[in-house]
Amino acid sequence: QITLKESGPTLVKPTQTLTLTCTVSGFSISTSGAGVGWIRQPPGKALEWLALIYSGGDERYSPSLKSRVTITKDASKNQVFLTMTDMDPVDTGTYYCAQETGWGRPLGFGSWGQGTLVAVSS
Amino acid sequence: QSTLTQPASLSGSPGQSITISCTGTNSDVGAYNFVSWYHQSPGKAPKLIIYDVSDRPSGVSNRFSGSKSGNTASLTISGLQAEDEGDYSCNSYTTSRTWVFGGGTKLTVL
């Protein structure tokens, strides 16, 4: 059974840097073709894809957030991290990590974490 | 990249069929058959219900079907049930090797 779980701060101040951790079980993020991404959702609004990293280290970023977002991984801990700089109140929302289910083909996000709510406020 | 365009809301009665559209460009929806759909109940994580335009993951009801024509993908739900209520979002892979979601559609079962 594949599970993903997000963890990190629930509150950050404007201009601070957010770091979230996605702990994966049920598959190895080192397996060829494995991809894990981050998606966020402001309260009452649409899903927004942020970034994705593949097992081989290939990193993909949303063009609108590329200057602020970094995705990394620790294969030894089966974890994927999201760092977002210069946080603003508009970045408030639920942040999800999800498995890209195609094993190299971009089929979609088949398994999701429960999400973690991050508020940006002074 | 811009958000894919979906109707903000739709409604239908139990037993009816409804179709949700998802319009993009020839750089995303129109470029590949890598369109997926998600159902999200309040307070829950999204659930994948369609991938590759029209394929269903194991365990997803065959009342859900997907199609695509040009730059517009569609999700059809037949035999509407109360449990189908919630938000539906489309997603597409793009020619920039990124992903983009739609604005989401709130479905109400009357």
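Above this text you will find the structure in question.
Treat the numbers as computed from the prediction; the structure is a model and nothing was measured.

Caption draft 1: Highlighting the overall build of chain B. Across its full length, chain B holds 0 helices and 9 strands. Put simply, chain B runs from its N terminus to its C terminus through helices and strands in the order β-β-β-β-β-β-β-β-β. Taking the principal axes of the C-alpha coordinates as reference, chain B spans close to 40 × 25 × 25 Å. Taking all 110 residues of chain B together, the buried fraction comes to 45%. Relative to all contacts within chain B whose residues are 6 or more apart in sequence, the contacts with residues 24 or more apart total 57%. Entry remark: accessible area of chain B is about 4900 Å², with carbon and sulfur atoms responsible for 43%. Computed over 7 positive and 7 negative side-chain charges, the separation of the two mean positions in chain B equals 3 Å.

Caption draft 2: Structural view of the environment of Gln79 of chain A. Residues and elements named next belong to chain A. One can find Gln79 in strand S8 (residues 79–84). Accessibility expressed as a relative area gives 16% for Gln79, which makes it buried. Discounting chain neighbours no more than four positions away, the residues touching Gln79 are Thr21, Cys22, Thr23, Ile29, Thr72, Lys73 and Asp74.

Caption draft 3: Molecular detail of the side chain of Asp84 of chain B. Residue and element names in this part refer to chain B. Along the polypeptide, Asp84 turns up in the loop between strand S6 (72–77) and strand S7 (86–93). In terms of polar contacts, Asp84 uses its side chain to reach the side chain of Arg63, at 2.8 Å. In this structure Asp84 touches His39, Arg63, Phe64, Ile77, Gly79 and Leu107, once residues within four positions along its chain are discounted.

Caption draft 4: How the structure looks around the state of the cysteines. As enumerated under the stated definition, the model contains 2 disulfides over all chains in all. The disulfide bridge from Cys22 of chain A ends at Cys97 of chain A, spanning 2.2 Å between sulfur atoms. Measuring handedness by torsion sign, the sulfur bridge of Cys22 of chain A and Cys97 of chain A sits at about 70° and is right-handed. Pair noted here: Cys22 of chain A is in strand S3 (residues 18–25) and Cys97 of chain A is in strand S9 (residues 93–100), with a separation of 75 residues, a long-range link. Neither residue differs from the other here; Cys22 of chain A and Cys97 of chain A are each classed as buried. Here Cys22 of chain B is linked by a disulfide to Cys90 of chain B, with a sulfur-sulfur distance of 2.0 Å. Residues Cys22 of chain B and Cys90 of chain B are joined through a disulfide that is right-handed, its torsion about the S-S bond being 80°. With Cys22 of chain B in strand S2 (residues 18–23) and Cys90 of chain B in strand S7, the pair connects residues that are 68 residues apart, well separated along the chain. Each member of the pair, Cys22 of chain B as well as Cys90 of chain B, is classed as buried.

Caption draft 5: Up close: the sheet that holds strand S5 (residues 64–69) of chain B. Residues and elements named next belong to chain B. The antiparallel open sheet is built from 3 strands, whose spatial order is S2-S6-S5. Single-partner strands in this sheet number two, and they are S2 and S5. Averaged over all pairs of adjacent strands, the angle between their axes in this sheet comes to 20°, without regard to strand direction. Both S2 and S6 contribute to a ladder of 6 bridges, which runs antiparallel. Each residue of the ladder has a partner; that of Ser21, found in S6, is Ser74.

Thresholds applied
Residues numbered from 1 in each chain as written. Chains lettered and ligands numbered in written order. Predicted model: local features only at pLDDT ≥ 70, side-chain atom pairs only at ≥ 80, totals over all residues. Heavy atoms only, no water. Helix = DSSP H or I, 4+ residues; strand = E, 2+ residues; numbered from the N terminus. Buried < 20%, exposed > 50% of the residue type's maximum accessible area, 1.4 Å probe, protein only. Contact = heavy atoms within 4.5 Å. Areas by Shrake-Rupley, 256 points an atom, 1.4 Å probe, with all protein chains shown as cover. Lys, Arg positive; Asp, Glu negative; His and termini not counted. Charge placed at Lys NZ, Arg CZ, Asp CG, Glu CD. Polar contact = N/O pair within 3.5 Å; in protein donor to acceptor, adjacent residues only side chain to side chain. Disulfide = S-S within 2.5 Å. Pairing = 2+ DSSP bridges. Axes fitted to C-alpha atoms, helices over the stretch in contact; angles between N-to-C directions.

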